[in-house]
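# Geometric and topological summary
Chain by chain, the residues:
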Amino acid sequence: MQRLLFPPLKALMGRPCLRLLVPRAAPGAQVPLRSGLRVGETGLGRRLTESGLSMVDWHLIKEMKPPTSQGEWEAEFQKYQQFPEFKILNHDMTLAEFKFIWYMEYSHRMWGRLVGLAYILPAAYFWRKGWLSRGMKGRVLALCGLVCFQGLLGWYMVKSGLEEKPDSHDIPRVSQYRLAAHLGSALVLYCASLWTSLSLLLPQHKLPETRQLLWLRRLAHGTAGLVFLTALSGAFVAGLDAGLVYNSFPKMGESWIPEDLFTFSPVLRNAFENPTMVQFDHRILGISSVTAVTALYFLSRRVPLPRRTKVAAVTLLALAYTQVGLGISTLLLYVPTPLAATHQSGSLALLSVALWLMNELRRVPK
């Protein structure tokens, strides 16, 4: 599959007609790996290890140097002790335990800066060399702007978990709305990067424009959108710890539809603030996604497609059922961190292959 998706640049350079394509394709080829690592690994570990609130301030340059002496660590720990998470949840935390969650958050922030540089520095180099077309310049500017916005949105999210809430006795956590916005912008960045890379690196198929192909293309677009929404709904599940309210499947407790779906008023709040409704919605979206993927696969078998496109369809089907299995297992086992991280990473893999199949089926411009 790696050979199908990302052919070596050295081989591409051997073709005279592609020598101008390679420098334009290079930024797009580098970006998905970095953004994918950020969304699929460090961001997930941060949320699941509850380390996101350990660094209570934000400085672009100053915070790049971690504490080194005992005095610096104690000062950092004292700052953390002034905020709700320590007072309510971690009041018996030791300095050694604090160092672990601090380094988790520090790694996430430093990785974010590395990803930002991986976008901005190559973009500036290729721009200066004149290797970017006019359309590609606009796309590169949008991607770099989204990277910067993503960093600012991350701090805006963290701030919501540092605020004192005198009327609340709940465990301190970041706003699920801001968490979803942070994840959503990361997914948009990743999808835009991956689509750009696939469009530049993979030769486009000239498929006969039949009615079946048109339906297949539409279903591929709808399925990718559904997978995106399912992944995004996972942010609300994580933000509200909704994976811990009903740990049974296929029923939720003793019933198919639990009684506490609409406990909040107004009713719309339940979709975003009621853990029961959030888990219910995530289940429905997951089942809908795997159903759409299955229908997409069987429809693809009725259309004559190139080998690479068939591989994409089969891979999407296999990943969809794997992801469902991971989700059910995570639920039944009360959300163990390694399994939950694998499930969340699986959502990114599934979304990636859905985009790959969409790209395979795209219409060839006349």
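Since the structure is predicted, the reported quantities are computational estimates derived from the model, not experimental observations. (Residues numbered from 1 in each chain as written. Predicted model: local features only at pLDDT ≥ 70, side-chain atom pairs only at ≥ 80, totals over all residues. Heavy atoms only, no water.)

## With respect to the overall build of the protein chain
Let me state the cut-off plainly: Numbering of helices and strands starts at the N terminus; helices are DSSP runs of H or I of at least 4 residues and strands are runs of E of at least 2. Only protein chains enter the accessibility calculation, which uses a 1.4 Å probe. A residue is then buried if its area is under 20% of the maximum for its type, exposed if over 50%, and partly exposed in between. Shrake-Rupley sampling with a 1.4 Å probe provides the accessible areas, and residues are treated as covered by the protein chains on show and by no other component.
Across its full length, the protein chain holds 13 helices and zero strands. Along the chain direction, N to C, the helices and strands of the protein chain fall in the order α-α-α-α-α-α-α-α-α-α-α-α-α. When each of the 366 residues of the protein chain is scored for burial, the buried share is 48%. Looking at the protein chain as shown, the accessible area adds up to about 19200 Å², and 65% of this sits on carbon and sulfur atoms.

## Examining the state of the cysteines
Applied cut-off: The rule for a disulfide is simple: a pair of cysteine sulfur atoms within 2.5 Å.
Enumeration according to the criterion identifies zero disulfides in this entry. In this structure Cys 144 is a free cysteine whose sulfur lies 7.1 Å from that of Cys 148, the closest cysteine sulfur available.

## Description of the nonpolar core
Most often, soluble globular proteins have nonpolar side chains that are buried together. As a reminder, the rule being used: Buried residues of nine kinds, namely Ala, Val, Leu, Ile, Met, Phe, Trp, Tyr and Cys, make up a nonpolar core once their side-chain atoms join them within 4.5 Å. For this analysis, residues touch if any pair of their heavy atoms sits within 4.5 Å.
Counting 36 residues, the largest nonpolar core has Leu 213, Leu 216, Leu 305, Leu 316, Leu 357 and Leu 361 as its most contacted members. For this core, the secondary-structure elements that each account for two or more residues are helix 8 (176–201), helix 9 (211–239), helix 11 (275–300), helix 12 (307–332) and helix 13 (337–360). Here the element with the most residues in this core is helix 13; it accounts for nine residues. The residues touching Leu 357, leaving out its near neighbours within four places in the chain, are Leu 296, Thr 309, Ala 312, Ala 313 and Leu 316.

## Some points on the pattern of salt bridges
We apply this condition: We count a salt bridge whenever a side-chain nitrogen from Lys or Arg sits within 4 Å of a carboxyl oxygen from Asp or Glu.
In total, this model carries 11 salt bridges according to the counting rule given. One salt bridge connects Glu 105 with Arg 109, and the closest N-O pair in it is separated by 2.8 Å. Here Glu 105 pairs with Arg 109, and both are found in helix 6 (residues 95–129), just four residues apart, close to one helical turn. Here Glu 105 matches Arg 109 in class, with each residue buried. A salt bridge links Arg 269 to Glu 273, with the shortest nitrogen-to-oxygen separation between them at 2.9 Å. On the accessibility criterion, Arg 269 (32% relative accessible area) is partly exposed. Here Glu 273 falls in the partly exposed class, since its relative accessible area comes to 23%. Several salt bridges share partner residues, and in doing so they unite Glu 63, Glu 105, Arg 109 and Arg 113 into one network.

## Quick word on the packing of helix 11 against helix 12
The criterion, for reference: Inter-axis angles, ranging from 0 to 180 degrees, are taken between N-to-C directions of lines fitted to C-alpha atoms, where helices are fitted over the stretch in contact. For classification purposes, angles smaller than 35 degrees are called roughly parallel, those larger than 145 roughly antiparallel, those between 65 and 115 roughly perpendicular, and all remaining angles oblique. For any pair of crossing helices, the crossing counts as left-handed if the nearer helix is rotated counterclockwise from the farther one by less than a right angle, and right-handed if it is rotated clockwise. Residues are grouped as follows: Ala, Val, Leu, Ile, Met, Phe, Trp, Tyr, Cys and Pro are nonpolar; Asp, Glu, Lys and Arg are charged; every other residue, Gly included, is polar.
Closest axis-to-axis distance for the helix 11/helix 12 pair is 9 Å, and the angle between their directions is 160 degrees. Considered as vectors, helix 11 and helix 12 are oriented roughly antiparallel to each other. Remark: the crossing between helix 11 and helix 12 carries left-handed chirality. Listed contacts from helix 12 to Gln 279, Arg 283, Val 290, Val 293, Thr 294, Leu 296, Tyr 297 and Ser 300 of helix 11 are Ala 313, Val 314, Leu 316, Leu 317, Ala 320, Tyr 321, Val 324 and Leu 331. The residue makeup of the contact of helix 11 with helix 12, split by class, is 12 nonpolar, three polar and one charged.

## A look at the confidence of the model for the protein chain
For the record, the criterion: Per-residue confidence from the predictor is reported as pLDDT, a score between 0 and 100.
Confidence along the protein chain averages 86 in pLDDT terms, with 86% of residues attaining 70 or more. Element-level mean pLDDT values for the protein chain span from 39 in helix 2 (residues 9–13) up to 98 in helix 11. Within the model, pLDDT remains below 50 along residues 1–22, and this stretch shows 19 contacts once partners closer than five positions in the same chain are excluded.

## Notes on the packing of aromatic side chains
Centre-to-centre distance and the angle between the planes together describe a pair of aromatic rings. Inclusion rule: Two rings from Phe, Tyr or Trp (for Trp, the six-membered ring) form a pair when their centres sit within 6.5 Å of each other. Planes less than 30 degrees apart are called stacked, planes more than 60 degrees apart edge-to-face, and all others tilted.
Counted according to the given criterion, the structure contains 18 aromatic pairs. When the ring of Trp 102 is compared with that of Tyr 106, the centres are 5.1 Å apart and the planes differ by 15 degrees; the resulting orientation is stacked. Here the residue Trp 102 and the residue Tyr 106 both occupy positions in helix 6, the gap between them amounting to four residues, near one helical turn. Tyr 106 shares its class with Trp 102; the two are buried. Between Tyr 125 and Trp 131 the ring centres are 5.9 Å apart and the planes differ by 85 degrees, which places this aromatic pair in the edge-to-face class. The partly exposed category is assigned to Trp 131, whose relative accessible area is 32%.

## Re the environment of His 108
With respect to the helices and strands, His 108 occurs in helix 6. We classify His 108 as buried; its relative accessible area is 6%. Spatially, the C-alpha atom of His 108 lies 9.8 Å from that of Ser 51, the residues being 57 residues apart in sequence.

## What about the side chain of Thr 309?
Structurally, Thr 309 is set in helix 12. Judged by its relative accessible area of 0%, Thr 309 falls in the buried class. Once residues lying within four places of it in the same chain are set aside, the contact partners of Thr 309 are His 205, Leu 357, Glu 360 and Leu 361.

## Quick notes on a nonpolar patch on the surface
Put simply, the rule is: Within this analysis, patches are made of residues with over 30% relative accessible area and no salt bridge. Like charges are joined at 9 Å or less; nonpolar side chains (Val, Leu, Ile, Met, Phe, Trp, Tyr) at 5 Å or less.
On the surface, Trp 58, Leu 60, Ile 61, Met 64 and Leu 152 cluster together into a nonpolar patch covering about 510 Å² of accessible area. Take Leu 60: it is sitting in the loop between helix 3 (21–48) and helix 4 (70–80).

## A few points about unusual backbone geometry
Along the chain, Phe 249 connects to Pro 250 via a cis peptide bond; the corresponding omega equals 10 degrees. Take Pro 250: it is sitting in the loop between helix 9 and helix 10 (270–273). Cis peptide bonds are those with omega within 30 degrees of zero, and the linkage from Ser 265 to Pro 266 qualifies with 0 degrees. Relative to the helices and strands, Pro 266 resides in the loop between helix 9 and helix 10. Notably, Asp 241 is not glycine yet its phi reads approximately 50 degrees, a positive angle. Tracing the backbone shows Asp 241 in the loop between helix 9 and helix 10. When its relative accessible area of 28% is taken as the criterion, Asp 241 is described as partly exposed. Backbone geometry at Val 335 places phi at a positive 55 degrees, although glycine is not the residue there.

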